[in-house]
Every structure is written in C-alpha cells, then in structure tokens.
Amino acid sequence: MAYHEFHNGVPPKSIASSLLVFIMIDLIFLSRTVAPITRKSFDTTAVFFQAKDAPRRSLPFSRINDYLRTSNKPAVKTIQSSDGDVIDCVPIHQQLAFDHPKLKNHKLQKQPSSGTESVNHFTKMGRSNELRQLWHQNGSCPSATVPVRRTTAEGILRAGSLERYGRKFHQPPTAISLSELPQPFDEQGHEHAIAYVNDDQYYGAQASINVWRPTVEISSEFSLSQIWLLAGSFNGDLNSIEAGWQVSPELYGDSNPRLFTYWTSDAYQATGCYNLLCSGFIQLSSDIAIGASISPDSAYNGSQYDIQILIWKDPVTGNWWMKFGDDFLVGYWPTELFSHLTGAATMIQWGGEIVNTQPSGQHTTTQMGSGSFPQKGFSEASYFRNLGYVDASNQLVSHMDLHATAEHPNCYSIQLSNDNDWGDYFYYGGPGRNPNCP
C-alpha cells in the first residue's frame, strides 16, 4: 500500500461502546461465523441489546442469517487479521456487486479504457513508503480474487437494524441546489469543514489525505476525512461518490482509521452503502481491502502519514474508477448505478465530517482530523494536499478557485493555502466541544 510519511523536523512549507447482548454464550460464538445459525430455536429469536446512550432494540436472527448468507460470498482463501477482521478472498466474478439488479448484464471492465492512461500520471505527490494494510501481515489474496472484509452478526447488532447497517442516513430535509453551500446535513447532526469547487463540470478528483486516529465520543458517532463527487440536488436525487478514511466504532467495532468508500444515487435514502456492504462497487484489486485498517497513523509532532486517492470517470464506458496510491487500481462504480453521475459531477468537496448526537445535551467531543484546529499547522493539524480535479479533456487541473465552509467554526474549522510543494492544500479539523463550542 502506498503511503507518504513526513518525519518530524522535515515539514513542507508552510469506544467502541459497550454492547450488552442478552443471549446465550454459544449464540455469541455462532454470530462470529459466516455460516448460518442452524439451531431451530434461534430462527425466531429476537436478539435484544442495548448500546450506550441508545434505546433497547431487537433483531430477529432469521433476518441476520439471511443477510449473512447473501452478503458473504464463498471464499477460496480466508485470512485472519491481527485487528480482528476476517478477510475473505472472493473470486472477482462472484463478488456481491453483481447481485445489483442494474448489473445483471454488466460486462466486467478489467482496465480503464485505452487512451485514458494519462490518469496514471495525475498523482505527483512525492515520496511514498510501501506499507501494507494490517491483514497483509498474515497473508495475501490470490490473483483473480478480491479481499472482502467479512460481515458478521456482531457488526449488524451494533447498528441496531439491517436498514441502518453500513449506511449514512443523512435524509436532508429541504431541496437545496449544489450551487449553494452544502449545509443541509447539519440539521441531521452531520458537521463539516470542507473545501469545494462548484463552478464547472468535473470528471474526477484527487488528494493526499493526512491519516490520524481521532477520538469518537460514542459509538453511534463517526469521524471521517474524504473526497466527495456530487451531482443532482439534496431534494432526493443527489448522486455521490465518496472515498477516504474513517473512524467508526459502530460500523467496525474499533477505533482504527480505515479506508472506506461510499455511494448513493438518491441523497442517502435507499441506495448505496459503505465499502462492499451492498451490491454496487466492483472491486478488481487483490491487494486492497476496502474497510480494512490503515496503519500506521500520524503522531503529534512526529511522523506524518497520508493516503493518496484518485477518482476519475472513464470517458468511454462512463464508469468511475478509484486508484489508491501510485500502484493500486482498486475498482470502479459502474455508471448504471447513477442518474446524474452518468454525466459529470457538478461539485467536488474535500474535507472532514463528524456526527454530533449531542450526548448529555452538549456538543460532542468527537474530534475531526487530528483533533486540533488548523492554525496549529504541520504535525499537529490534519491536512489535505495536492488537490486536483479532472476536466472534460481528461486532464488534471491542479490550481483552482477553492472555497471553504464550516458550519460551526468554533468546533471545527478549515484554512486554505497553496505553495509549490503541495499545490492547493488546507489544514482542517478541531476538538469538538470546548469553551467556545459548548
């Protein structure tokens, strides 16, 4: 895996919440497995549990069994990661993506179309260290397979319902054009500090994203740093393609920063999901597991690490490709998934997002980025660097008219800049609750 590391002294310019499952010990053991739970007495059992600061809910295990049976495809090899993940090596043509009704007749695209090779030269981001995701310590997947983080009953139980599992659920309340500031998420507890462009048509975006391990106050909140490519409006037809890193105790069961993707074609209402938790994104790489832990992460006044992500549209097929680092072509979002993104994106966003559930009636202490405000600068505040977008001629534009916004700058903020080393870049983030953010 390609990372960039900056050592202290060489800067450039310038939880998991407690889960009480009231059920027998052997059921807990069985919930860890991919195999369906077969004891007849379990099929109609409602599993009751209580997550911290959440209402008591129940899930019938028969529904969980059905979901696991559908989502966990047969593997030719299984790898146990040191962080607790189980990685299944699934044949490319048998991955969950092809269960999507719009992809039943989809022809697998194994490489970007001829004539689009220039995307391999978009990322000019400096020296990289070749590191692996944690699961690579214990093995690798064979060629012609893709590594898939196994879905477990425990993960579903943390979400509280199958409908919530692996989804953002913004549900923006009003119709807002993408030509306006992207603020409707705030009414649902989602807060941002972002840079954006929205005065053109965009066919891709790139950035190097500084990786940290922010503190998340309660399990139902998260902290992420990502790229968004958007088209449509927030009144129900928003199309979004997203990728970056995320800390989400509810989704992953720990506080590790993890590589993630997301997509939706209806403003987060009924379509799309994180990673490979639903059908849609087609993975090709046998080296990168979406949803797996990123290691190492950055340290205050110490070594800094970042990941490089490039997303671009294939001008021939219309599929949206994702590249990770200099070497890994991860896969693509098929054009059939979308309505507006069958054409161009009309807005790109780069930055951080958190969920503020106002625990105890106060603003959350969930951190964004490193947990420091952008004024702290290199090795203390988190950054995005080498921002760029792909234009209609399939060329990278690395200097642009960036805008910035943060709904609550006393909680999380952003500071734009540029220079010859990092091009367009910014520092962003914050600690959440503090004397100026009650």
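Residues numbered from 1 in each chain as written. Predicted model: local features only at pLDDT ≥ 70, side-chain atom pairs only at ≥ 80, totals over all residues. Heavy atoms only, no water.

## With respect to the sheet that holds strand β9 (residues 190-197)
Then comes step 1: Taking strand neighbours across the sheet as the criterion, the six strands line up as β13-β12-β11-β18-β9-β21 in an open arrangement whose pairing is antiparallel. Of all strands in the sheet, those bounded by a partner on one side alone are β13 (258-264) and β21 (403-406). Strand-to-strand twist in this sheet, taken as the mean axis angle between neighbours without regard to direction, amounts to 20°.
Then comes step 2: Across seven bridges, the pairing between strand β12 (residues 239-247) and β13 is antiparallel. (Pairing = 2+ DSSP bridges. Helix = DSSP H or I, 4+ residues; strand = E, 2+ residues; numbered from the N terminus. Axes fitted to C-alpha atoms, helices over the stretch in contact; angles between N-to-C directions.)

## Observations regarding the pattern of salt bridges
Then comes step 1: All chains considered together, the criterion is met by 13 salt bridges.
Then comes step 2: Between D83 and R258 there is a salt bridge, with its nearest N and O atoms 3.7 Å apart. Here D83, found in the loop between β5 (77-80) and β6 (86-91), pairs with R258, found in strand β13; they are 175 residues apart in sequence, far enough to count as distant.
Then comes step 3: The class of R258 is buried, set by a relative accessible area of 0%. (Salt bridge = Lys/Arg side-chain N within 4 Å of Asp/Glu carboxyl O. Buried < 20%, exposed > 50% of the residue type's maximum accessible area, 1.4 Å probe, protein only.)

## Points about the state of the cysteines
Then comes step 1: Under the criterion given, the structure shown has three disulfides.
Then comes step 2: Residue pairing for C411: its cysteine sulfur links by disulfide to C437, the two sulfurs lying 1.9 Å apart. In this structure the cystine formed by C411 and C437 twists about its S-S bond by roughly 95°; its chirality is therefore right-handed. In this pair, C411 sits in the loop between β21 and β22 (413-419) while C437 sits in the segment after β23 (423-429), placing the two residues 26 residues apart along the sequence. Both residues of the pair, C411 and C437, count as buried.
Then comes step 3: For the protein, the disulfide bridges join cysteines in the arrangement 1-2, 3-4, 5-6, where the cysteines are counted in sequence order. (Disulfide = S-S within 2.5 Å.)

## Quick word on unusual backbone geometry
Then comes step 1: The residue after S295, namely P296, is reached through a cis peptide bond having omega 0°.
Then comes step 2: Of note, A267 is a non-glycine position whose phi angle comes to about 60°, a positive value.
Then comes step 3: Mapping A267 onto the fold places it in the loop between β13 and β14 (282-283).
Then comes step 4: Positive phi is not limited to glycine here, since S360 has a value of about 60°.
Then comes step 5: Inspection of the secondary structure puts S360 in the loop between β18 (347-355) and β19 (382-390).

## A look at the sheet that holds β5
Then comes step 1: Strand order in the open sheet formed by three strands is β5-β6-β8, with antiparallel pairing between adjacent strands. At either margin of the open sheet sits one strand with a lone partner, and together these are β5 and β8 (145-149). When strand polarity is set aside, the average angle formed by the axes of neighbouring strands in this sheet is 25°.

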